[in-house]
Amino acid sequence: MNEPLSGILVRNTTPSDFPAIMQLSKAVYSFPPYWTERLLASHLTIFPEGQLVAIDTYSDELVGMAASLIIRWDDYDLNGSWKDFTDGGMFTNHDPIHGRTLYGAEVMVSPAVQRRGIGSAIYAARRQLVERLGLPRLRAGARLRGYYRYADRMTPEEYTTKVVRGEIKGMTLNFQLKQGFRVLAVVSDYLPGDPESLGHIAVIEWINEQVATPADYGPRDPRFQPLTGC
Ligand SMILES: CC(C)(COP(=O)(O)OP(=O)(O)OC[C@H]1O[C@@H](n2cnc3c(N)ncnc32)[C@H](O)[C@@H]1OP(=O)(O)O)[C@@H](O)C(=O)NCCC(=O)NCCS
């Protein structure tokens, strides 16, 4: 389907990938809920095109995964949780008729092979999907991974400002910013139980400029704009 990185194939998920995805989610996250066969099967029934895996073509090992659905953004509260946006991970709220937003519910890469461009390859395939479907935007919640180290000193909003300005390395958020996303807002209680983000995320947006109109752009919060040099 897509092979932008040597030795890495990004393709649609199949049921035979489920055991490796379930194992991967336990290797990546130190906290539940983990992906289960019931949830993954629901994604494939509802929106097979939106489910991607990255395969190491030398070892045939599954090294990454992304799960997406289409939502009608106005049906949701910006401050909603991951559970709200994904219907508890089942994606039964997928709405390809009225929805104009691809929602990124998951992206993960095996800890053993992170920082080798696999996440970027998965995101390239995700953006291609947005373009192929003619959707104006991709939105997601980016974990403020690493916030726990600063929580005694600053609010999640202050932390996000510093990550966007390059004053702090934000791990996951740095990755998303490199993919061309911008931050719309910071939300709490999105992922309760995440010990690294303490549940806080940045709501992020990537715009498909081929089809987006001004109304498709989310609000611009001056706190989360990168500093521009002269
Ligand atoms: C986020 C994640 C998917 C990135 O995958 P990846 O394959 O490591 O990403 P890439 O190698 O394509 O990284 C591309 C760029 O993003 C940035 N980046 C990625 N991980 C980073 C990190 N931990 N810290 C700072 N910047 C990072 C870097 O600029 C990197 O380019 P560089 O390595 O040339 O500097 C992966 O780290 C992961 O699975 N994290 C845990 C799960 C998670 O939090 N998922 C996101 C849910 S919102």
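Our structure's up above, just so we're on the same page.
The model shown is predicted, which means the values in this text are computed figures rather than measured ones. Along every chain, residues carry numbers that run from 1 in the direction the sequence is written. With pLDDT at 70 or above as the cut-off, local features in this predicted model cover only qualifying residues; side-chain atom pairs require 80 or more to be listed or tallied, and sums for whole chains, interfaces and linings still use all residues. Side-chain numbers here rest on the full set of heavy atoms in the structure, without hydrogens or water.

S.K.: A description of the site of the ligand should follow, citing residues and the corresponding values.
M.R.: Nearness here has a simple test: a residue counts as near a molecule or strand if at least one of its heavy atoms is within 4 Å of that partner. Not every one of the 23 residues close to the ligand is listed here, only the nearest: Arg115, Gly117, Gly119, Ser120 and Arg143. Polar contact is defined as a pair of N or O atoms within 3.5 Å, subject to the rule that within protein one atom must be able to donate a hydrogen and the other to accept it, and that residues adjacent in sequence are counted only when both atoms are side-chain atoms. The backbone of valine 109 places a nitrogen or oxygen atom 2.8 Å from an oxygen atom of the ligand. Values of accessible area rely on a 1.4 Å probe in the Shrake-Rupley scheme; residue burial ignores everything except the protein chains shown. Protein coverage of the free-state accessible area of the ligand, which is 910 Å², stands at 84%. Numbered from the N terminus, helices here are DSSP runs of H or I no shorter than four residues, and strands are runs of E no shorter than two. Listing elements by their share of the shell around the ligand, those giving two or more residues are strand E5 (101-109), helix H4 (118-133), strand E6 (137-143) and helix H6 (172-178). Ranked by the residues each element gives to the shell around the ligand, the list is headed by H6, at five residues. Its residues assigned to classes, the shell around the ligand shows nine nonpolar, eight polar and six charged. Built from parts of two domains, the shell around the ligand gets at least three residues from each of domain 1 (1-135) and domain 2 (144-216). Charged means Asp, Glu, Lys or Arg here, nonpolar means Ala, Val, Leu, Ile, Met, Phe, Trp, Tyr, Cys or Pro, and polar covers whatever is left, Gly included. Domain limits in this description derive from either an automatic procedure or a database domain assignment.

S.K.: Lay out the nonpolar core with the relevant residues and their values.
M.R.: Val10, Leu102, Ile118, Ile122, Leu173 and Ile204 are the most contacted members of the largest nonpolar core, which totals 38 residues. A per-element tally of this core places H4 first, with seven residues. Two domains each provide a minimum of three residues to this core, namely domain 1 (1-135) and domain 2 (144-216). Setting aside residues no more than four positions away along its own chain, isoleucine 122 makes contact with Val10, Leu52, Ala54, Gly64, Met65, Ala66, Val107, Met108 and Val109. Within the second largest apolar cluster, 32 residues are counted, among which are Leu44, Phe91, Met108 and Tyr190. Here, the term nonpolar core denotes a set of buried Ala, Val, Leu, Ile, Met, Phe, Trp, Tyr and Cys residues that are joined through side-chain atoms within 4.5 Å. Each residue is placed in one exposure class: buried if its accessible area under a 1.4 Å probe, protein chains only, is under 20% of its type's maximum, exposed if it is over 50%, and partly exposed if it falls in between. It only takes one pair of heavy atoms within 4.5 Å for two residues to be counted as in contact.

Geometric descriptors of this kind do not, in isolation, establish any biological role.
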